[in-house]
Structure formats: structure tokens, C-alpha cells
Protein chains: 2
Amino acid sequence: MASRKPTIADVAALAGVSVAAVSKVVNGKAGISAPTRDRVLTAASKLRWTPSAAAVALRSAKTRAIGMVARRSPDLLSADPHFTLLISGIEGELSPLGYGLLLHIVGEEPSAEEVAYRRLADERRVDGVVLTESRVGDTRFELLRTLDVRTVLIGTPWRADPVPSVQATGPARGVRAAVEHLVAHGHRRIAYVSGPEDRVHTLHRRRVFEDALAAHDLAPSHSVVSDFTAAGAVDAIGKLLAEHRRPTAVLFANDSMAVAGMSAARRLGVDVPGELSVVGHDDLPLGELVYPQLTTVRQDLIGLGRAAARVLLASLGEVEDASVDVRPPELVVRESTGPAPDRT
Amino acid sequence: MASRKPTIADVAALAGVSVAAVSKVVNGKAGISAPTRDRVLTAASKLRWTPSAAAVALRSAKTRAIGMVARRSPDLLSADPHFTLLISGIEGELSPLGYGLLLHIVGEEPSAEEVAYRRLADERRVDGVVLTESRVGDTRFELLRTLDVRTVLIGTPWRADPVPSVQATGPARGVRAAVEHLVAHGHRRIAYVSGPEDRVHTLHRRRVFEDALAAHDLAPSHSVVSDFTAAGAVDAIGKLLAEHRRPTAVLFANDSMAVAGMSAARRLGVDVPGELSVVGHDDLPLGELVYPQLTTVRQDLIGLGRAAARVLLASLGEVEDASVDVRPPELVVRESTGPAPDRT
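Description of the structure in this document. (Residues numbered from 1 in each chain as written. Chains lettered and ligands numbered in written order. Predicted model: local features only at pLDDT ≥ 70, side-chain atom pairs only at ≥ 80, totals over all residues. Heavy atoms only, no water.)

1. Observations concerning the packing of helix H9 (residues 173–184) of chain A against helix H10 (residues 200–214) of chain A
Residues and elements named next belong to chain A. Note the following rule: The axes used here are C-alpha line fits, helices contributing only the stretch in contact, and every angle between their N-to-C directions lies in the interval 0 to 180 degrees. The secondary structure listing takes helices from DSSP runs of H or I that are at least 4 residues long and strands from runs of E that are at least 2 residues long, numbered from the N terminus. By definition, any crossing whose near helix is turned counterclockwise from its far helix by less than a right angle is left-handed, and any crossing with a clockwise turn is right-handed. The contact criterion used throughout is that any non-hydrogen atoms of two residues lie within 4.5 Å. All amino acids are sorted into three groups, where Ala, Val, Leu, Ile, Met, Phe, Trp, Tyr, Cys and Pro are nonpolar, Asp, Glu, Lys and Arg are charged, and the leftover types, Gly among them, are polar.
At their nearest, the axes of H9 and H10 sit 9 Å apart, and the two run at 35° to each other. Our pair here, H9 against H10, has a crossing hand that is right-handed. Residues Val-175, Arg-176, Val-179 and Glu-180 of H9 form the contact with H10, whose participating residues are Arg-205, Val-208, Phe-209, Ala-212 and Leu-213. Looking at the contact of H9 with H10 residue by residue, the classes come out as six nonpolar, no polar and three charged.

2. What about the sheet that holds strand E11 (residues 330–332) of chain A?
Paired through their backbone hydrogen bonds, the strands of a sheet run either parallel or antiparallel. All names here are of chain A. This is how the line gets drawn: Two strands are said to pair when DSSP picks up at least two bridges between them.
Strand order in this open sheet of six strands is E7-E6-E8-E9-E10-E11, and the pairing throughout is mixed. The open sheet is flanked by strand E7 (222–225) and E11, the only strands paired with a single partner. Between one strand axis and the next, the sheet turns by 20° as a mean value, whatever way the strands run. As paired strands, strand E9 (residues 277–282) and strand E10 (residues 295–298) are joined by four bridges and run parallel to one another. By the bridge assignment for E10, Val-279 is matched with Thr-295.

3. Considering the environment of His-244 of chain A
As for its position among the elements, His-244 of chain A is in the loop between helix H11 (230–242) and strand E8 (249–252). Taking the C-alpha atoms as reference points, His-244 of chain A and Arg-310 of chain A, separated by 66 residues in sequence, lie 51 Å from one another.

4. Notes on the sheet that holds strand E4 (residues 151–154) of chain B
Pairing in this open sheet of ten strands is mixed, and the strands run E5(A)-E4(A)-E3(A)-E1(A)-E2(A)-E2(B)-E1(B)-E3(B)-E4(B)-E5(B) from one edge to the other. Unpaired on one side and paired on the other, strand E5 (165–166) of chain A together with strand E5 (165–166) of chain B mark the two borders of the sheet. Bridge count between strand E4 (residues 151–154) of chain A and E5 of chain A: two bridges; the pairing is parallel. By the bridge assignment, Leu-153 of chain A is partnered in E5 of chain A with Ser-165 of chain A. Strands in contact with helix H14 (residues 301–315) of chain A are strand E1 (65–70), strand E3 (128–131), E4 and E5 of chain A; relative to E4 of chain A, the strand with the most contacts, it is inclined by about 165°. This element, helix H6 (residues 82–94) of chain B, spans strand E2 (100–105) of chain A together with strand E1 (65–70), strand E2 (100–105), strand E3 (128–131) and E4 of chain B of the sheet and lies at about 155° to E2 of chain B.

Here it is, written out as C-alpha cells:
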């Protein structure tokens, strides 16, 4: 035996597995249990076999890391802690199993995102990736399929894209409850300030908003497309309040915009909620810090992060059960909403 | 040659380097240039040599990842985007070089933190780590020295701990400017609400606050130790406003507490800044969203993150110059501060 170099067949024979299984282990592919992987590595060690080079071996096998690539400017990232809550949820599942989260923040340029994913795949730095902010015409799924990277999406996929995804049950429930709350308080002129239209959830939520109003024979008084920034919200509220028949209530697509919009209204001398009711979306800690405290649609962001992590961990054979309870969205009524003003 | 197994000496000879250098490469130690590392790996590949087992090889060599372990509850993490800004700065330096940030959030339990660091080290998952929130009696430096992990601290080390660290120039400048601003506006009863006393910066900043007041023959009207949470700030402001001779101005140790405290004051019917001036610390996006907008001490958190990353990248031989400009703290005057009320 010492007279010839060991082959993959020798390793397979000693480990009592197929050559394909050895190949899967050294290439870090799915479908191999931890005990089998250990047997293969032990056999490889005994025979002093290495697939072709240490350099290749270095890049193989499980990394025990999950990747996340964020295409956001640093400013937007910190202004919207939505992302931080998702990360907390993901970490909650990864940490006990000794997995880490490998984070890449790449700015808004689309090519930078692709470069980051290619690098994660080519250098086998992660065992899978979590995608967020499902986009209209999303090309990430196709890219990651080509790269043969395990993927899970937090949110609703664009079209019927067959990508594993996690979503809350009853995703429409929260926005619908917000509309019911406002209508019950006598509001008839209700405006919507959305996020960018290239996000799948922007279109979904606006549709839910319109349908909920339609059930009361109402239509949106105004519909403004914004960009999730404070400046965008200030601009939107300025325009809405300058209207001849201005809205008595405004729903915003996230809490940062809602708080910025509420502050801008008050700076213009408009009382919240006396003259204008404001509703946010997400229920970030921010909404409780401010005065008046923000009425908002609570999303179970930590639950969504957990669920996404578990889907990946299950496909890696680390956990048996991929399911995590994600609480449905619900309306949290605080101080920023009240009865519609009389003079409307 | 084919009749015996290759040894580390064969690899060293073929690569034209010392045995120690080969050992360093396969163990992922510092002090090896990229070309040398490539030569060693190529030689190992040609000879089909592997240090002892594929399993060992898998864990060796550069990971092109930097680690960060956060000992925080998920809630506190999202309530204080301070951390997110540091991460953005770190990523700004790592991304162009293809490095990722491996993030572990471990909750408040000290042992969980140690487990996370040991795992990062034992499994060679990162090339170095960034520490934040320098603590009084910090044991992390000693641990990481034992584990032989490259370390850089953002902030002031506890005692003269010889750990590489990055700090803003003139760290006292911001809090001092805040005190000057308040004193110039006629405030004489100025309170301080600090973070936990186990943080090094808590002690530093409170000292700066006291010294700046002393320069005007003043002492703090009140000094409250809080915990960086909104609930803590609400509690603190409630106590301060219930005092017989209550303060006319309050400095908080972070922006989240300042905003929560300001909101609590207004809910109690106290006008800000008419009856109470409020100053935050950090200049997070939050401070611009609220009404009145927050006067705060700006920290260059992105610059600090960048600087920390560059110290590690320089020690890894990835960049030549470790220096990054970190802007000194400065006071940003907005709407939450004004003249002291007459009736004081």
C-alpha cells in the first residue's frame, strides 16, 4: 500500500461508503450526515489522502457559517433597524449550533451584490445564504441556483419563483387591521406612503390597503411612493398636508418614515393624533421611544429570522424540524392614532 | 519518492522555505506573505502531502473573515443602532478586499461570549476579531491572547492593557462642547444620565462632564446611572423631574435614552427645550427623525469601524497603511436645547 498513492476509492472502502459520498464530503455538498462525514475524514486522514491538493481541501466541507449580503447604504441600514432584528432572529438559531453569520454590506450597486455572492460560492465560505427584501424581477435566485448555493428568502418570492421562503401566516392581517382601526375612528380620507416599488412587499401591502378600504366603499385619498428614508417621508407629508382636501390619517410602509412624517407634521403645527393620525409598519423599538408613541403594524421579524435560519439548518442536516412559529402581523395601537377631526 | 509518504520537510524543500514556514501556513499563523503561502500550498499539492489529516487542513490558512462577538440582547441591539454603524464602517474596509464579517450575538451571559471566542479560535473561523464596548475589568484581551487571536478594540482600553485600539482624537471634546453650550445658555443645574458603570467610556465621559462643569465652578446637579434602555431613561427622567430643585438640562449617554427621556418629559407636560434642555450622545439617525430634533454629541462611528478593520488588515498584510482618519466628537446643536428657563 505504501508503494502507491492512496485514491478516493481507498478512502471510500475504508470508510465503508461510496466514492460519490467521499466526493460530496470533500466538496461540501449536501446529503451527507455528520457521522458519515467524520468517517470519511478519519479514513482520509489514516490514508493520508487529500482530494487533489491542500488548497482544494481548504475550501471544502462545511463552513458552519451562513451568509447574508445586504445591498444598502450604511445610512439606511442604521436608520432602519428592521434588518438588525432579522439578524438577531437568525443568530438565535445559529449560535446554539456553533454557526456564525457572515455579513457583507455592499451598497446599492447591483454588480457589487453579484460579486459578493460569487465570492461566497467560489470560496465556499458559507453553507447557505439568507435573502431579504424580495424584489420585483429579482435575479438573485437564478444567480444562486447557478452557483449551487442553498438559499432561503425571508418574504414573498417574486412570481412563483420556486425558492424556499418563510413568511408570516396571514401576512395581510396587519395592514387590514390598521385600516379597520382608522375607519372605525371615523377616518374617510386615508393616505398611503409606500416604500420603493421594486420591493415585492410594497405592491402586496398597497393592494391589501386598497382592498381593505374598498370593503368600506372607500379608496385611498392619496398614494405616495417614497424610499424608506426620513427625507422622503418629510417630503411626502409636506405634500399631503398642502392638499386642499388633505388626509386625516396616513399609513407609512415603515416606522422610520412614520416617525419622521409625524415629526414633520407637528413641526408644521399639525397635531398628532388630533388633526392627523399616523400608522407605521414593523414595530421597531423607535416607535415606543417617541412622543406620541407610534401606532404600528407589528411584524415578527425575530421569528422570521429564526424561521429562515432553521430552513437552512434543516437542509444541512443540523436540525430535524424546519418549522418555527412566525406570529402573524398585528396592529399595535398606541398614541399616534385617534378619532378623525370633526371639521373633515 | 513514491515508495514513502511525503513529509513536511519535502514540502519545505520543494517550496524553498523553512519547515517552520510550512507549519505556519497550514496552521494559519501570521507572518507569511501571500506568495509564500501559495508556494507552500502548491508544493503540498504536488507531493500530495497533507499535514496530518484533511480534517486539519480544512481548518487552516486564512479565512478572509473578521469576527465580532456581541454580548447584547436582541432588543438592545436593535434599540441602539450604534452597533450597526460600527459594522457599516468595518464592512466598508473589508468588502473591497473580499473579507466578510462573521457576527455572533450571544446574549448577556459572560460564559456564552467566551464559548463563542473559543470556537472562533479553535475552529480557525476568522483571521482576527474586533472588540467593542471596552469594559472595566475586561477579561476578553487576556482570553484572546491565550487563544492567539489578532484583536483590535474600538475605544479606550481598561487600564494600560496593551491591546491595539482605535479611538477618536480629542475624545473629550464632544461632551465638553455640550457643557459649554448649556452653560452659555444660562443653565446651572445640569444632570447626567450615564450608561452602565462597567463600561470604560461611562467613567471617562462622566469625568469629562464633571471637569467641564468644574471649570465654571459648577457641579452636576444630579448623576444617575442607567442601562442604555428606554425604560431606564423614562425612570431616570421621572425621578429628576420630581426633584424639588430639578435640573434645567440633562445629558444622556446615548441617543435612544435621550429621545425616550425627552418623550417622557413631554408626556409629563414639561416643554422641551422651554423648560428642559436635552442632549444625547452618538448622533444616530433617530435624533433627526424626532420632534424636537435632538441636540447630540456626534461620534464618528463609521470612522471608528473603518479604523479597527484597517488595523487588522494591516497586521494581516492586506493593506500597508493602518491609519484611517477618525473625526473627533463634536456637538450637533438642534432643537432639544435652548436657554435655561427664567424661573430657575
